[in-house]
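# Structural features, examined
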Amino acid sequence: MDLQSLLTDIARETAPVLGEGKVADYIPALASVDPRRFGLALATMDGQVLGTGDWQTPFSIQSISKVFTLALVLARDGEALWDRVGREPSGNPFNSLVQLEYEKGLPRNPFINAGALVVTDRLISLRGNASTELVSFLNAEAGAGAAHVDEAVAASEAEKGHRNAALAHFLASHNRLVNPVDTVLQAYFDQCSIAMTCEGLAQAALFLANHGLRADGTRLFSRSEAKRVNSVMLTCGTYDAAGDFAYRVGLPGKSGVGGGLLAILPERGVLCAWGPALDSHGNSVAGVEALDRFTTKTGWSVF
Ligand code: GLU
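Residues numbered from 1 in each chain as written. Predicted model: local features only at pLDDT ≥ 70, side-chain atom pairs only at ≥ 80, totals over all residues. Heavy atoms only, no water.

### Remarks on the environment of Asp34
Among the secondary structure elements, Asp34 is positioned in the loop between helix H2 (28–31) and strand S1 (39–44). Taking relative accessible area as the criterion, Asp34 reaches 40% and is therefore assigned partly exposed. Separated by 241 residues in the primary sequence, Asp34 and Gly275 have C-alpha atoms spaced 9.1 Å apart. (Helix = DSSP H or I, 4+ residues; strand = E, 2+ residues; numbered from the N terminus. Buried < 20%, exposed > 50% of the residue type's maximum accessible area, 1.4 Å probe, protein only.)

Listed below in structure tokens is the structure:
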């Protein structure tokens, strides 16, 4: 299969939906991005990295960072994390406070904000500076300079982060955080503010397609842990539309409000799409469209 032509065809076919949806506007750095940008990258297990459109333009990875913090905690802590966070779809918006109250501060899964705050809290306990740890992992996998915290975005996240602060304080009120609330929030805002390209993200996530093996051939975690992260991505990775994403694309995926969308092709590679205009659930309209077309054309889904 000519993968480069395939990506180019998909980008052309996706063009009619570019601009459909709405860019996230809770901070200026996201609100000012052109909704018609589009990039698509594929990193394969045999070392090819291909792409089309804006695949080498950095964007704010936002919640895609949650995949990597989860992986880093599971790698060092194994199953103990699951005493502090569930792994069921929430059926609620990613930043909802209501469910957390009903469920006494035990977040439904690691990809809603409350769950991610708990994962970040654990990474701080394990490694000290969670965002430094995360950035160095991403750069080790995708190449030096592939990832950095955009300090201006991080400052805006903190300034506008009232809901995340509410979630963190609520978790703390149930003794679900070990580290000070402000420390956890700062690390969380930093991880959301990491800037990367489709190219870099696709390379950084190859360990998930490769049963836990990193770029240098060492093992991050077991084959089972890789399966588990992929499973949680499939069931909980695309906000309150994970069922629709699984139906359309048939791959483990994780999106972020910056318009990025990462999808794992086990034993084949990783796809990353970027289209800043989001649907009502927070997923990139163009990203989902492109990945739907990719799995339809190739038959490379997990089903
Ligand atoms: N910084 C955003 C928040 O915490 C990330 C949301 C997302 O990408 O899902 O609300």
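### Remarks on the site of the ligand
The ligand sits among Tyr26, Gln62, Ser63, Phe94, Asn113, Glu157, Asn164, Tyr188, Cys192, Tyr239, Gly256 and Val257. At 2.6 Å from a nitrogen atom of the ligand is found a side-chain nitrogen or oxygen belonging to Gln62. Within the side chain of Asn113, an N or O atom sits 3.1 Å from an oxygen atom of the ligand. Placement of the ligand is best described as lying within the largest pocket. Across the shell around the ligand, the residue classes break down as six nonpolar, five polar and one charged. (Near = heavy atom within 4 Å. Polar contact = N/O pair within 3.5 Å; in protein donor to acceptor, adjacent residues only side chain to side chain. 1 Å grid on protein atoms, 1.4 Å probe; cavity = no way out; pocket = protein on both sides within 12 Å on 5 of 7 lines; lining within 4 Å. Sits in = over half its atoms within 2 Å of the grid points. Nonpolar A, V, L, I, M, F, W, Y, C, P; charged D, E, K, R; others polar.)

### Brief notes about the state of the cysteines
Each disulfide is one covalent bond, formed between the sulfur atoms of two cysteines. Scanning all chains against the criterion turns up zero disulfides. As a non-bridged cysteine, Cys272 has Cys198 as the owner of its nearest cysteine sulfur, 4.1 Å distant. Using a relative accessible area of 0% as the deciding quantity, one classes Cys272 as buried. (Disulfide = S-S within 2.5 Å.)

### A few points about the nonpolar core
The biggest cluster of nonpolar side chains holds 69 residues, and the ones touching the most others in it are Phe68, Ile194, Met196, Leu201 and Phe221. For Phe68, the contacting residues outside a window of four places in its chain are Leu134, Phe137, Leu138, Leu201, Ala204, Ala205, Phe207 and Leu262. The next biggest cluster of nonpolar side chains, apart from the first, holds 26 residues, and it includes Leu7, Val249, Ala273 and Ala286. (Core = buried A, V, L, I, M, F, W, Y, C linked by side-chain atoms within 4.5 Å. Contact = heavy atoms within 4.5 Å.)

### Quick word on the environment of Leu134
Looking at the secondary structure, you find Leu134 in helix H6 (residues 130–142). On the basis of relative accessible area, Leu134 is assigned to the buried category, the value being 1%. If we skip the residues at most four places from it in the chain, Leu134 touches Ser65, Phe68, Thr69, Leu72, Gln191 and Ile194.

### Examining the side chain of Ser255
Mapped onto the elements, Ser255 comes out in strand S6 (residues 253–255). With residues up to four places along the chain from it excluded, the contact list for Ser255 reads Ser63, Ile64, Gly237, Thr238, Tyr239, Gly260, Leu261 and Asn283.

### Overview of the layout of surface pockets
Volume-wise, the largest pocket comes out at about 600 Å³. Taken together, 28 residues make up the lining of the largest pocket; nearest its centre are Ala24, Tyr26, Phe94, Asn95 and Val257. Among the elements that make up the lining of the largest pocket, the one with the highest residue count is helix H8 (residues 162–173) (three residues). Considered class by class, the residues forming the lining of the largest pocket number 10 nonpolar, 10 polar and eight charged. (Points joined across faces, edges and corners; volume = space filled by probe spheres on them.)

### Describing the sheet that holds strand S2 (residues 49–53)
An order of S2-S1-S8-S7-S6 is seen for the five strands of this open sheet, with the pairing classed as antiparallel. A single partner strand is all that each edge strand has here, and the edge strands are S2 and S6. Averaged over all pairs of adjacent strands, the angle between strand axes in this sheet comes to 10°, irrespective of strand direction. Bridging between S1 and strand S8 (residues 269–274) involves six bridges; their strand directions are antiparallel. (Pairing = 2+ DSSP bridges. Axes fitted to C-alpha atoms, helices over the stretch in contact; angles between N-to-C directions.)

### Things to note about the sheet that holds strand S3 (residues 59–60)
Read across the open sheet, the three strands follow the order S3-S5-S4; overall the sheet is antiparallel. The sheet terminates laterally at S3 and strand S4 (148–149), the two strands that pair on one side only.

### Quick look at the packing of H6 against helix H9 (residues 181–192)
Between H6 and H9, the shortest axis-to-axis distance is 8 Å and the interhelical angle comes to 25°. The angle between H6 and H9 places the two elements in the roughly parallel class. Here Ala130, Ser131 and Leu134 of H6 lie close against H9, whose contacting residues are Ala187, Asp190 and Gln191. Tallied by class, the residues present in the contact of H6 with H9 amount to three nonpolar, two polar and one charged. (Parallel < 35°, antiparallel > 145°, perpendicular 65-115°, else oblique.)

### Quick notes on the side chain of Thr295
Note on placement: Thr295 falls in helix H14 (residues 285–298). Look past the residues within four positions of Thr295 in its chain and what remains in contact with it is Arg248, Val249, Leu251, Trp300 and Ser301.

### Examining the pairing of S1
Two faces belong to every sheet, and in a regular strand the side chains alternate between them. Burial analysis of S1 places six of its six residues in the buried class, which makes it a mostly covered element. Burial along S1 is two-sided: the face carrying Gly39, Ala41 and Ala43 and the face carrying Leu40, Leu42 and Thr44 are both buried. Where S1 folds back onto S2 in an antiparallel hairpin, the turn is made up of four residues, including Gly47, whose phi is positive at roughly 95°.

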